[in-house]
Amino acid sequence: MARTIFLLFSLFVAANCDQLSVLFSPKALEFRGHARLDVDSLPDVFGASLGYSVAKPTEWDGLTVRDPFNLANGVVIVVAEGIDSLKLENAHSYELYGGSGSESVSELMHKTADHNGISFEIDLKESSDSFSTPLGNVQPDDDEVQPQYLKAKSNKADADFLRQLAFINGLSDLLVTSTDENIPAVHIVRVSLEALLAAHEPSSPAIAEAKKLLTTALLELQTAAEKAFDGAVVVGLVTSTEAPLVRSKRQAEKPKQGETQDFNIAKKYDSNYPVIFNIILWFSVVLVFSLLAISIAIATMDPGRDSIIYRMTSTRMKKDN
């Protein structure tokens, strides 16, 4: 009996776990495998993608840094609340355990703030005509969303969800026109399907269409992020079935009018810099040790008549007959 309860509980947990899906990453980073990831390590995964130090060691092997000199300059994360997973082609998916992935993502904002990056977190579930970000105001783009089963005029849950998709499309347009690819940035966007799932059956055509429209919006956001950061970006999706706790909104402060903000950005080097640096470094090391060895050999040489020191310092050069 106890074993049956344990198995049922395990199946319930496995069926209601959060998930991380990586839609795009630069060539310097390789996401592979499908190992489970602790939600506490989620900020470290995205932080390591930006070159930040890792808070604590982990045995998770889903991320490999191939080129530490060309890491990502931006991270764009969409948090989908109300669903446990979303099928995305060519995406690397990892099961999350140990808590709510929705809450863990917010900790990444602290890391970016410590590195003077441009970051914002917006919750599209909140009713608003526009959302203010350091990049500008996000305006909804309603023209791209044309549903068949979702009825915005007769169902408020449908209308709210379609409004969230319109804001994601508006953010895609804003990223392309207002992003500085040289400044580290983290953009977190929260979208909710909870009201939609409460209004429709999970297997209904409306829910299937909603997931399809969300997938399309994510792919458009991925394309926009690639252009905005010139390919140096990580685009991820975090699904969450647990209701998040009350959060305080955190975003970088806007500079006052006429005032320039110093981001303390490091100088960007050419991709050949590490190669030239290593050539000069090791050539200098070999040269120094060679000169040291020659100096020691000459200093300890016996100054006899058959040595090179005697031949070079003698006033009478002897010639062999």
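Rules used throughout
Residues numbered from 1 in each chain as written. Predicted model: local features only at pLDDT ≥ 70, side-chain atom pairs only at ≥ 80, totals over all residues. Heavy atoms only, no water. pLDDT = per-residue confidence, 0-100. Contact = heavy atoms within 4.5 Å. Core = buried A, V, L, I, M, F, W, Y, C linked by side-chain atoms within 4.5 Å. Buried < 20%, exposed > 50% of the residue type's maximum accessible area, 1.4 Å probe, protein only. Helix = DSSP H or I, 4+ residues; strand = E, 2+ residues; numbered from the N terminus. Salt bridge = Lys/Arg side-chain N within 4 Å of Asp/Glu carboxyl O.

**Re the confidence of the model for the chain**
- Summarising the model, the chain shows a mean pLDDT of 80, and 79% of its residues fall at 70 or more.
- Residue range residues 1-15 is modelled with pLDDT below 50. Its contacts to residues more than four positions away, or to other chains, number one contact.
- Per-residue pLDDT stays below 50 along residues 244-251; that stretch engages in 23 contacts with residues further than four places along the chain or on separate chains.

**A closer look at the nonpolar core**
- Core analysis: the biggest nonpolar cluster contains 44 residues, and Leu150, Phe161, Leu165, Leu214, Leu218 and Leu237 have the highest contact counts within it.
- Mapped onto this core, the elements with two or more residues apiece are strand 1 (19-24), strand 5 (74-81), strand 7 (118-123), helix 5 (156-178), strand 10 (185-192), helix 7 (205-228) and strand 11 (233-240).
- The element best represented in this core is helix 7, accounting for ten residues.
- Beyond its immediate chain neighbours, meaning those up to four positions away, Leu237 contacts Gln19, Leu20, Ser21, Leu23, Val78, Ala80, Leu86, Leu88 and Leu218.
- In terms of nonpolar packing, the next biggest core, distinct from the first, is built from 28 residues, Ala48, Ile77, Leu96 and Ile188 among them.

**Some details on the pattern of salt bridges**
- Scanning the entire structure with this criterion turns up six salt bridges.
- One salt bridge in this structure joins Glu30 and Arg66, with 2.4 Å as the shortest N-O distance. With a gap of 36 residues between them, Glu30 in strand 2 (residues 29-31) and Arg66 in the loop between strand 4 (63-65) and strand 5 connect regions that are remote in the sequence.
- What emerges from the salt-bridge pattern is a single network uniting Glu81, Glu121, Lys125 and Arg190.

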